[in-house]
Each structure stands twice: as structure tokens, then as C-alpha cells.
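Coordinate analysis (summary)
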Amino acid sequence: MPSANDEHKLIQALIKGDALAFDAIFSKYNKRVYTFSYRNLKSKENAEEIVQDVFLSLWNEREKLKKVEKLDAWIFAICFNIIRKHFRQLAKERKYLQNIAPYLHEKDDATVSEVEYHDLMEKAEQVIDRLPQRQKEIFIMHKKEGLSNEEISKKMNISKKTVENYLSSARMLIKKSLVGEGLLSLLFF
């Protein structure tokens, strides 16, 4: 079993961008991250996606490892946070589906079919893709990644008020486009 000193050397090499150190860490932890994710998500595809996200985050945020004492605790904290974001996103999608159901069908007891839901989501994605680049980036960080206005402000090195302005403009453009599609009441924006 590798010593704590070996792990410390791996971390230091990873911080410097050593791909072999990353591979060694990935080999050591990927199965455990997958198992943990699968137990929580009950989906092979989602668990595989979480593994990718965790190790992408590890690589992208390797500078933060300078302060890390226990790599496994850091990796599983990232994993836990990504799983939490996944569940928050699912909750948002369910709430969105409940909010739009009455507007897609005339019947009181109607439910939205999966096809209608995916069609509507596709239309929304197309509208989002047409947003000006900066608005699109900020909107995606806020709605899809679940970042707060303050987190986006820090990440993009702009004021919180600027973030709010971009989000407000993006919402107006999206609503205006979807009104043209006959989808007036999209309450999740």
C-alpha cells in the first residue's frame, strides 16, 4: 500500500500538470467514485458521467490541491457536491414539468408526455444557443450549473450587478422567443 508520502508526491506532481500522476490517481480512485455514485444515483450512465466530472474537476482545480491533506476526502467531497447538483437539477426539471403541464394540454388531468417535454426542452436549448455569447455563458452557469450570481461574478471577474443584468436580458430574450412558439408560460425562467 502506498504511503502518505507517496500520495503527497503524486499530488505535487499533479499540481505541476503531470499527466502520469493524474493517471495514477484516476486508477486508484475511479472505481470507488463510480461505486459511490452508482449507489446514490442508481444509474450506470449517470455514475459514469459523475466519474468524468469528478476527475475533470480534479484536473481543472489541481492548484487547489496545495492545501489538501487527504486526497480521497477531497475527491469524495467533489463527488458528493456533483451528485447534489445532479439531484438539484432533477428537482428543477420536475418542477418545470409540473409548471408547464397545464399549458400543454387543455384537460385538467393531463400529463406531459416525455416526447412533448423533450421537444420543449429542445426548443428552449435552441433559443439559449442563439443568445449573445456572454449572456449564454452566464445563463448556463446559473441555470444548468446551479451557480449563484455571486459565484458567477467571481468566476468571470465581473460585478454581481452585471451578472444580474445579463441574466435579466437573457430571460427576456428567451421568453420573447418562446412566446413566439406559443409557449407563453415558462415559469422556470
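Structural notes, computed from the coordinates. Every value quoted in this text rests on a predicted model; they were computed, and no experiment measured them. (Residues numbered from 1 in each chain as written. Predicted model: local features only at pLDDT ≥ 70, side-chain atom pairs only at ≥ 80, totals over all residues. Heavy atoms only, no water.)

This brings us to the overall build of the protein chain. Looking only at helices and strands, one finds 8 helices and 0 strands in the protein chain. Along its sequence from the N terminus, the protein chain presents helices and strands in the succession α-α-α-α-α-α-α-α. Residues classed as buried in the protein chain amount to 33% of the 189 residues present. Contacts in the protein chain between residues at least 24 apart in sequence constitute 57% of all its contacts with a sequence separation of at least 6. For the protein chain, the exposed surface amounts to about 12400 Å²; the carbon and sulfur share of it is 52%. (Helix = DSSP H or I, 4+ residues; strand = E, 2+ residues; numbered from the N terminus. Buried < 20%, exposed > 50% of the residue type's maximum accessible area, 1.4 Å probe, protein only. Contact = heavy atoms within 4.5 Å. Areas by Shrake-Rupley, 256 points an atom, 1.4 Å probe, with all protein chains shown as cover.)

A separate point is the packing of aromatic side chains. All chains considered together, the criterion is met by 6 aromatic pairs. Between the aromatic rings of Phe22 and Trp59, the centroid separation amounts to 5.6 Å while the plane-to-plane angle is 80°, which identifies the pairing as edge-to-face. In this pair, Phe22 sits in helix α2 (residues 19-41) while Trp59 sits in helix α3 (residues 44-60), placing the two residues 37 residues apart along the sequence. On the basis of an interplanar angle of 70° and a centroid distance of 4.8 Å, the ring pair of Phe26 and Phe55 is categorised as edge-to-face. Taken as a pair, Phe26 in helix α2 and Phe55 in helix α3 lie far apart in primary sequence, 29 residues in all. In this structure, Arg62 packs its charged tip against the face of Trp59, placed 4.0 Å from the ring centre. (Phe/Tyr/Trp six-rings, centres within 6.5 Å; stacked < 30°, edge-to-face > 60°. Lys NZ or Arg CZ within 6 Å of the ring centre and 35° of its normal.)

Now for the packing of helix α6 (residues 133-143) against helix α7 (residues 149-156). For the pair α6 and α7, interaxial distance at closest approach is 10 Å and the crossing angle is 130°. What the angle tells us is that α6 and α7 run oblique. Helix-helix and strand crossings are classified by hand; for α6 and α7 the assignment is right-handed. Judged by residue contacts, Arg134, Glu137, Ile138, Met141 and His142 of α6 engage Asn149, Ile152, Lys155 and Met156 from α7. (Axes fitted to C-alpha atoms, helices over the stretch in contact; angles between N-to-C directions. Parallel < 35°, antiparallel > 145°, perpendicular 65-115°, else oblique. Left-handed = near helix turned anticlockwise from the far one by under 90°.)

What follows covers the environment of Cys79. Mapping Cys79 onto the fold places it in helix α4 (residues 71-104). Cys79 sits 28 residues away from Val51 along the chain, and the two C-alpha atoms are 7.8 Å apart. Once residues within four sequence positions are removed from consideration, Cys79 is found in contact with Val33, Phe36, Ser37, Ile50 and Val54.

With that settled, consider the pattern of salt bridges. Enumeration according to the criterion identifies 6 salt bridges in this entry. With its nearest N and O atoms 3.4 Å apart, the salt bridge here joins Lys64 to Glu61. We note a salt bridge from Lys161 to Glu164, for which the minimum N-O separation is 4.0 Å. In this pair, Lys161 and Glu164 both sit in helix α8 (residues 160-180), 3 residues apart, roughly one turn of the helix. Judged by relative accessible area, Lys161 falls into the exposed class, the value being 53%. On the basis of relative accessibility, which here comes to 29%, the residue Glu164 falls in the partly exposed class. (Salt bridge = Lys/Arg side-chain N within 4 Å of Asp/Glu carboxyl O.)

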